[in-house]
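Chain and residue survey
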Amino acid sequence: MENQIFLSKLFDYYGELLTDCQRKYFKDYYFDNLTLSEMSENYQISRNAIHKTLKEATEKLLYYETKLKLLAKYEQIKTIIDKLDDDIKNKIFELI
């Protein structure tokens with residue numbers, strides 16, 4: 001479950017860098033909770049082809065995070081902001 005949340009966060013950052021097909025399968029599998037069999041029936045292709053496409057999409061998301069580290073930087077910024085007092089937090093959020 002934790003891995004699924006992590007991948008969903010990566011998709012939020014890098015999903016537009018995936019192909020249309022990869023995005024569609026990723027959304028169906030991770031967000032709509034469709035099984036490979038259900039997706040296979042919907043798209044009239046083999047479960048293996050869907051599995052391969054999902055694996056490629058996941059590898060791409062992980063690769064982008066390894067190189068760009070957008071999610072890691074966000075988490076670091078969030079940790080720093082959480083340590084600030086409420087007045088400073090409010091001022092920061094007003095600016096954002």
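You'll find the structure just up there.
What counts and how
Residues numbered from 1 in each chain as written. Predicted model: local features only at pLDDT ≥ 70, side-chain atom pairs only at ≥ 80, totals over all residues. Heavy atoms only, no water. Helix = DSSP H or I, 4+ residues; strand = E, 2+ residues; numbered from the N terminus. Buried < 20%, exposed > 50% of the residue type's maximum accessible area, 1.4 Å probe, protein only. Axes fitted to C-alpha atoms, helices over the stretch in contact; angles between N-to-C directions. Parallel < 35°, antiparallel > 145°, perpendicular 65-115°, else oblique. Left-handed = near helix turned anticlockwise from the far one by under 90°. Contact = heavy atoms within 4.5 Å. Nonpolar A, V, L, I, M, F, W, Y, C, P; charged D, E, K, R; others polar. Salt bridge = Lys/Arg side-chain N within 4 Å of Asp/Glu carboxyl O.

1. Points about the environment of lysine 83
- Mapped onto the secondary structure, lysine 83 falls in helix H5 (residues 70-83).
- Here lysine 83 falls in the exposed class, since its relative accessible area comes to 71%.
- Taking the C-alpha atoms as reference, lysine 83 lies 17 Å from alanine 72; in sequence the two are 11 residues apart.

2. So, the packing of helix H2 (residues 20-31) against helix H3 (residues 36-43)
- Relative orientation of the contacting elements H2 and H3 amounts to 135°, with a least axis distance of 10 Å. Judged by the inter-axis angle, H2 sits oblique to H3. The interaxial crossing formed by H2 with H3 has right-handed handedness. Packed against H2, whose contacting residues are Lys24, Tyr25, Asp28 and Tyr29, the element H3 presents Leu36, Met39 and Tyr43 at the interface.
- Residue composition of the contact of H2 with H3, by class: 5 nonpolar, no polar and 2 charged.

3. Points about unusual backbone geometry
- At asparagine 33, a position not held by glycine, the phi torsion is positive, near 55°.
- Assessed through its relative accessible area of 56%, asparagine 33 is described here as exposed.
- Of note in the backbone geometry, lysine 69 takes a positive phi value of approximately 55° without being a glycine.
- Counting through the fold element by element, lysine 69 comes out in the loop between helix H4 (47-68) and H5.

4. Topic: the pattern of salt bridges
- Counted under the stated rule, the structure contains 2 salt bridges.
- Between glutamate 75 and lysine 9 there is a salt bridge, with its nearest N and O atoms 3.6 Å apart. Here lysine 9 lies in helix H1 (residues 2-14) and glutamate 75 lies in helix H5, a separation of 66 residues in the sequence.
- Judged by relative accessible area, lysine 9 falls into the partly exposed class, the value being 37%.
- Of the charged contacts, one joins arginine 23 and aspartate 20 as a salt bridge, the two residues approaching to 2.2 Å between their closest N and O atoms. A residue pair is termed a helical-turn pair when its members lie 3 or 4 positions apart in one helix, as arginine 23 and aspartate 20 do in helix H2 at 3 residues.
- Given the relative accessible area of 15%, arginine 23 is considered buried.
- According to the relative accessible area criterion, aspartate 20 is exposed, its value standing at 58%.

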